[in-house]
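Spelled out from the first residue to the last, the chains are:
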Amino acid sequence: MKTTPVRRTARVGVQLLVAAGGVVFAAVLAYAFLSALKPGGEVLSVPLHWWPSSFEWHNFARPFTEAAFSRYYLNSVFVGVSVTLLNIVTCTLAGYSFSKFSYPGRNTAFVVVLATLMVPLEVIYVPLYALVFDLGWVNSFAGLIIPAGTSAFGIFLMRQSIDSVPDELLEAARLDGAGVVRTLLTIIGPLVRGPIAALALFIFLMNWDSHLWPLLVASDDEHRTLPVGLAAMQANNLGASSVPMMMAAAVLALLPTIVLFLSLQKRFVEGVAMSAGLR
Amino acid sequence: MAIAATLAVVAAGSAACGGGSDDAAGGNVTITFWTHTHPPMIDLNKKLIAEYESKNPNVKIEYQTIPNTEFNTKMLTSLSTGAGPDIINMDDNALRGEYLPKRLLAEIDPKAFGKSSVGEVEADYVPGTLDGAKDAEGKLFGVPSEFNGTAFAINTAHFKDAGLDPAQPPKTWQQVVDYGKKLNAAGHKQAFNFLYLHSGWYSQNFQTLANQTGGSIVSADGKTANLESEGTKEALRLWVELARTSGISDPKSSSRDATAPFQDLASGTQSMAIVYPWSMDQIKESNPDTYKNLAVVPLPQPTATSTPVNRVYGYFWAVNNASKQKAEAWKFISYLASQKERWLTDVSFVQPVKGWETSAPAKAMPFIDVIAQSYGTGKYDQVGPHWAEVQDTIRDAVDAAVFDGKPVDEALREANEAVQRSIG
Amino acid sequence: MTAPTRPDQASPPAVNPRHRPSGAGIRRRRRVHRRDLLGALLSVPALALFAVFAIYPGLRVFYLSLFDYSLTAPPEFVGLDNFRFLATDPRFRETVLNSIFYTVGTYLPALVLALLLAIVLRRMTAGLGWVRLLYFLPVATSWVAIAVVWRLVLHPDGLLNQTLGLDVTWLSSSSSARWALVIMGVWKETGFFLILFLAGLARLPAEVHEAALVDGANAWQRFWRVTFPLLKPITAICTIIAVIRGFQSFSPQVVLTDGAFGTEVVNQFVYKTAFESARMGRASAVAVLMFALLIAVTMVQLRVFRREDS
């Protein structure tokens, strides 16, 4: 392969540009983090100071002492993990069913599931709230978890992924006497670990971000999740001196999903590729 | 797990007609109580709840606070299903605009107040102050938790910097402009600003001015949009003059954070502002240094007049019509309302009972004369159905005129059409 | 090359009701039947949840679009009145235009940027592998938390103005508020499409590229003649996802501007009409129109991409 020096220089230049762009993207988060460490008056100082004059680490304790932040946090984690587990089960089962079995109504069901992706969620909240109320799930974890227990995207992703599992493998397993469930656990499961990780991450991220539904269905202190809690905290914390604390709260709220994402990103990328039918 | 959950769903779904909140069985009562988020108020509510619960061991109060911007949404969703709290604490706009026309509230229960008739309850209050919780037929649905008049605050240190006498505050809006230019010259670039927060704030500022200029948003019968009337145009012109044309401050530099409504005044960047009693309390808390320099004076008027016009608004305690324990709920409200002096001392919330301004805690309040005077000259806001849409329209009109420089007549013509569509 | 994957099965006409997995032919008689029945049962948990918590409320939305319903009084049948009102409502028209602006303004740059970045990042010199993670970061952030941060970034004395030496009031003028949302949107969404494009590129056979190199094609020609055509399927998916995400945008507008200064989008209009003004019927009608629009746009996109394929 021939590469002229000019071309090489150009390529290095482009790469450096892209690297610099990446730094700019991340700078927003660095700005948030450093602002969270600043003394109150320094946050919007002119000219801009990136570096805090003193590191006020205690700002990160303030959300916990001045608001019920640990409660919001635990709730978000609990609801997020429950919803994710529930989705892994329901979406994998449904994906398997839609992909590898043949029965009347199967395609119709799949299309209807996908069509729900196009309905703006905000507007179904009133009939949904009425339903959840009738079930007695207002201000309960059930109301936060069970309606979110499956997802159209998840079913789509799992169906696509399981489609790529060769039928010959399943046939061989069947001839070995493996039942439907055992085939799922021993043959398909290991092959779609990547997509499952992707699904888990995707659902957890979505749930972590969910604001309006938790607000409607569970707004008492005991069941508040992070977004609802953050919004309430903003309303309760007046004045410039609270800005670093709010930044600290935002950073703390951002942290778990960022860490989770960075540790699972390889699988996420694989899973997304798989669902996109690129195999 | 998923299957079990699904079965639970299906089973519960088929028996979905029952449910609802627990009845007040066996003497033990749980009352749910929702308010907006105002930190000092929350603290006092918590104290009063604890006291009430220890006096009434069979009663448990479940207290929830919900940010203002989300309050109505949450109320409507829950009330529409027959749920919702037993006690609501909401402003007169929401009461008269949404809850009363929809018949969501229960009429006041005089027995809980130890009175034999609603008239006796009313007799305790300054005439007119309960209008914010009355329906079209004049029936009463709540008692006020706070009643606010409009006043004006000036930073006396800034005034001295500009060679102005703080004892001679501006009496007219024209004087605000004149003084503003002098304040600018002395280096105080934000002489006066309105608050540009959510649309509720826009419309309260707008109605404050419209009350003074004789304008209104809709006609008296509430059927026709009235934004193109001369008085209403004058109100917006006044706003544009103060905020844009006069140049006494840059509206774009106004901090727009609804969580800190008086931040610019409190931080000492802004010299003059429209204020309410509770806002002074808040500034005292957050910025004691600036607070020392602030004086509260009567709200400026369009022209020098002996009959000034203000705007008043109130928050009321009211009971959900779907509540199964109305009597107990009113009893608790009666207890809250009986603590008038603490509301005044701890939170600067005025309970407009007759003679409140001469009570000991009122006398101890700074600027009591100005504040008391503003109550006597105030008018409640106009309110109608779908008022949230109307408020959004007013916000858009003010934004267009003040920030984008759209001519007042044009902005109001568009707004008038929009309001007509909303109420028509 | 793989067809533009499965989303085409989302559109009813494309569905072949007799579609069977390729292995189905091997299966035999009675057992097959029992197995399929068991297989069908596996979809029950998901379908039951869907039926109760998505489809039933969704159908109710269609039903309610024909009613005047204020939440607190029984619905009153009004036929097509809600749709008639919307046809002439300036506010609705404006929110549709705002949604289009946000969708095109955010997702066109995000898609182009993501594609270009993917091409460079794919062949990033060793040691710079961490750079892609920097672009991925915003994908993992939640709107509510990140909005708290961006309000500070977009503040007149905030990061953006001070770094670029600007004096723009990003969130309080009609000329800039929509761009503020676009800037935050591009920042937040580019990484998501970058992931998709990187995944697409990773699947491209290396020989194709080598062959083009031997041909002496320059980088630009290589991209247009070789890489881009091969990326068609993933581009199709990205475009469809982008349109859906763009039109369903809600949180950024709520948290940054509350819809002021010409930034109110359709979903916000739906939300406000439903929950603030308690006009459930009208809000449902908007939802129905949005649903029809998204289905139509998706089908057109699929057609276009499929035609270009052949």
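Residues numbered from 1 in each chain as written. Chains lettered and ligands numbered in written order. Predicted model: local features only at pLDDT ≥ 70, side-chain atom pairs only at ≥ 80, totals over all residues.

### A few points about the overall build of chain A
Argument step 1. Along its length, chain A carries 13 helices and zero strands.
Argument step 2. For chain A, the N- to C-terminal ordering of α and β elements is α-α-α-α-α-α-α-α-α-α-α-α-α.
Argument step 3. Its C-alpha atoms give chain A a radius of gyration of 24 Å, more than 25% over the compact-globule value 19 Å for 279 residues.
Argument step 4. Along the longest, intermediate and shortest principal axes, the C-alpha atoms of chain A span 70 × 70 × 30 Å.
Argument step 5. Sequence-distant contacts, at least 24 apart, represent 77% of the contacts inside chain A between residues at least 6 apart. (Helix = DSSP H or I, 4+ residues; strand = E, 2+ residues; numbered from the N terminus. Rg over C-alpha atoms; globule rule 2.2 N^0.38 Å. Contact = placed C-beta atoms within 7 Å.)

### Here we look at the overall build of chain B
Argument step 1. When helices and strands are tallied, chain B shows 18 helices and eleven strands.
Argument step 2. Scaling as 2.2 N^0.38, a compact globule of 424 residues should have a C-alpha radius of gyration of about 22 Å, and chain B matches this with 23 Å.
Argument step 3. With the principal axes as the frame, chain B shows a C-alpha extent of 70 × 50 × 50 Å.
Argument step 4. Counting only residues that meet the buried cut, chain B has 52% of its 424 residues in that class.
Argument step 5. Put simply, 74% of the contacts in chain B that link residues at least 6 apart link residues at least 24 apart. (Buried ≥ 20, exposed ≤ 12 C-beta atoms within 10 Å, placed from the backbone.)

### Thoughts on the packing of helix H4 (residues 90-122) of chain C against helix H11 (residues 232-247) of chain C
All names here are of chain C.
Argument step 1. Contact geometry of H4 with H11 gives a least axis separation of 9 Å together with a crossing angle of 145°. Once H4 is placed against H11, the crossing between them reads as right-handed. From H4, Ser99, Tyr102, Thr103, Thr106, Tyr107 and Leu111 reach across to H11, where they touch Cys238, Thr239, Ala242, Val243, Gly246 and Phe247.
Argument step 2. Taken together, the residues of the contact of H4 with H11 break down into seven nonpolar, five polar and no charged. (Axes fitted to C-alpha atoms, helices over the stretch in contact; angles between N-to-C directions. Left-handed = near helix turned anticlockwise from the far one by under 90°. Nonpolar A, V, L, I, M, F, W, Y, C, P; charged D, E, K, R; others polar.)

### Some thoughts on unusual backbone geometry
Argument step 1. Of note in this structure, arginine 103 of chain B is not a glycine but carries a positive phi near 55°.
Argument step 2. Here arginine 103 of chain B is to be found in the loop between helix H4 (92-99) and strand S4 (105-106).
Argument step 3. With a phi close to 55°, phenylalanine 261 of chain C is a non-glycine residue in the positive phi region.
Argument step 4. As for its position among the elements, phenylalanine 261 of chain C is in the loop between helix H12 (251-256) and helix H13 (266-276).

### Looking at the pairing of strand S5 (residues 142-148) of chain B
All names here are of chain B.
Argument step 1. The buried count for S5 comes to seven of seven residues, which makes it a mostly enclosed element.
Argument step 2. Taken together, the six bridges between S5 and strand S10 (residues 310-320) define a ladder with antiparallel strand orientation. Looking at the pairing, valine 143 lines up with tryptophan 317 of S10. (Pairing = 2+ DSSP bridges.)

### Considerations on the environment of proline 144 of chain B
All names here are of chain B.
Argument step 1. Locating proline 144 in the fold gives a position in strand S5.
Argument step 2. For the pair proline 144 and threonine 129, spaced 15 residues apart in sequence, the C-alpha to C-alpha distance is 8.3 Å.
Argument step 3. In this structure proline 144 touches Thr129, Gly314, Tyr315, Phe316, Gln351 and Pro352, once residues within four positions along its chain are discounted.

### Structural notes on the sheet that holds strand S9 (residues 294-297) of chain B
The strands that make up a sheet are held in pairs by hydrogen bonds between backbone atoms, and each pair lies either parallel or antiparallel.
All names here are of chain B.
Argument step 1. The strand order S7-S8-S6-S9 describes an open sheet built from four strands, whose pairing is mixed. The open sheet has two edge strands, strand S7 (190-192) and S9, and neither has a second partner. Going from strand to strand, the sheet's axes swing by 25° on average, the running direction of each strand aside.
Argument step 2. In this sheet, S9 lies alongside strand S6 (residues 151-155) in antiparallel orientation, the contact comprising four bridges. Bridged to isoleucine 154 within S9 is alanine 295.

### What to know about the domain arrangement of chain B
Residue and element names in this part refer to chain B.
Argument step 1. Each assigned domain of chain B is listed here: domain 1 (29-148 + 312-380) and domain 2 (151-310 + 382-423).
Argument step 2. Counting residues at the interface gives 21 residues for domain 1, matched by 20 residues for domain 2.
Argument step 3. Elements with a minimum of two residues in the side of domain 1 that touches domain 2: H4, S10, helix H16 (368-376) and strand S11 (378-380).
Argument step 4. It is H16 that provides the largest number of residues to the side of domain 1 that touches domain 2, a total of four residues. (Domains from an automatic or database assignment.)

### Things to note about the UniProt feature "transmembrane region" (unreviewed entry) in chain A
Argument step 1. UniProt records the feature "transmembrane region" (unreviewed entry) for residues 12-34, 72-96, 108-131, 137-158, 179-206 and 243-264 of chain A in the present numbering.
Argument step 2. The annotated region residues 108-131 of chain A carries 79% helix and 0% strand content, and the separation between its end C-alpha atoms amounts to 25 Å. (UniProt positions renumbered as here; feature names shortened; annotations may be inferred.)

### Focus on the interface of chain C and chain A
Argument step 1. Taken residue by residue, the interface counts 93 residues in chain C and 82 residues in chain A.
Argument step 2. In the side of chain C that touches chain A, the residues fall into 66 nonpolar, 20 polar and seven charged.

### Describing helix H4 (residues 106-115) of chain A
Argument step 1. Every buried residue of H4 of chain A is listed here: Arg106, Ala109, Phe110 and Val113 of chain A. Relative to the axis of H4 of chain A, the buried residues are bounded by an arc of 100° and lie together on one face. (Arc of directions from axis to C-beta.)

### Describing the nonpolar core
Argument step 1. Ala250 of chain A, Ile333 of chain B together with Ala118 and Phe197 of chain C are the most contacted members of the largest nonpolar core, which totals 216 residues.
Argument step 2. Among the elements that make up this core, the one with the highest residue count is helix H8 (residues 177-202) of chain C (14 residues).
Argument step 3. Ignoring any residue separated from it by four or fewer positions in sequence, one finds alanine 118 of chain C in contact with Leu194, Phe197, Leu198 and Leu201 of chain C.
Argument step 4. If you look at the next biggest cluster of nonpolar residues, it comprises 63 residues, including Phe206, Trp239, Ala273 and Met280 of chain B. (Core = buried A, V, L, I, M, F, W, Y, C linked by C-beta atoms within 7 Å.)

### Things to note about the confidence of the model for chain B
Argument step 1. Looking at chain B as a whole, its pLDDT mean stands at 86, while 92% of the residues score no less than 70.
Argument step 2. With a pTM of 0.84, the predicted complex shows an ipTM of 0.85. (pLDDT = per-residue confidence, 0-100.)

### Examining the environment of isoleucine 154 of chain B
Residue and element names in this part refer to chain B.
Argument step 1. Note on placement: isoleucine 154 falls in strand S6.
Argument step 2. The exposure class of isoleucine 154 is buried, given the 25 C-beta atoms found within 10 Å.
Argument step 3. Once you skip the residues sitting within four places of it in the chain, isoleucine 154 turns out to touch Phe159, Pro166, Pro169, Ser271, Met272, Ala295 and Val297.

### Observations regarding the packing of helix H7 (residues 152-163) of chain A against helix H10 (residues 193-209) of chain A
Residues and elements named next belong to chain A.
Argument step 1. Running from N to C, H7 and H10 cross one another at 170°; their axes reach a closest spacing of 10 Å. With respect to their mutual orientation, H7 and H10 come out roughly antiparallel. Of the residues in H10, those in contact with Phe153, Gly154, Leu157, Met158 and Ser161 of H7 are Pro195, Ala198, Leu199, Phe202 and Ile203.
Argument step 2. For the contact of H7 with H10, the residue count by class is eight nonpolar, two polar and no charged. (Parallel < 35°, antiparallel > 145°, perpendicular 65-115°, else oblique.)

### Points about the domain arrangement of chain A
In many analyses, interface size is given as the accessible surface area lost on bringing the parts together.
Residues and elements named next belong to chain A.
Argument step 1. Its domain assignment divides chain A into domain 1 (5-59) and domain 2 (68-275).
Argument step 2. Relative to domain 2, the C-alpha centre of domain 1 lies at a distance of 32 Å.
Argument step 3. Between domain 1 and domain 2, the residue contacts involve ten residues of the former and nine residues of the latter.
Argument step 4. A class-by-class count of the residues in the side of domain 1 that touches domain 2 yields four nonpolar, four polar and two charged.

### Comments concerning the pairing of strand S1 (residues 29-35) of chain B
Residues and elements named next belong to chain B.
Argument step 1. Among the seven residues of S1, six are classified as buried, and the element is accordingly described as predominantly covered.
Argument step 2. Where S1 lies against strand S3 (residues 87-91), two bridges are found, and the strand directions are parallel. Paired with tryptophan 34 across the bridge in S3 is isoleucine 88.

### With respect to the environment of threonine 150 of chain B
All names here are of chain B.
Argument step 1. Within the secondary structure, threonine 150 is located in the loop between S5 and S6.
Argument step 2. By C-beta crowding, threonine 150 is classed as buried, having 25 other C-beta atoms within 10 Å.
Argument step 3. A C-alpha to C-alpha distance of 9.9 Å links threonine 150 and asparagine 205, two positions 55 residues apart in sequence.
Argument step 4. For threonine 150, the residues in contact, after removing those within four places along its chain, are Thr208, Ile274, Tyr276, Leu299, Asn310, Arg311, Ser374 and Gly378.

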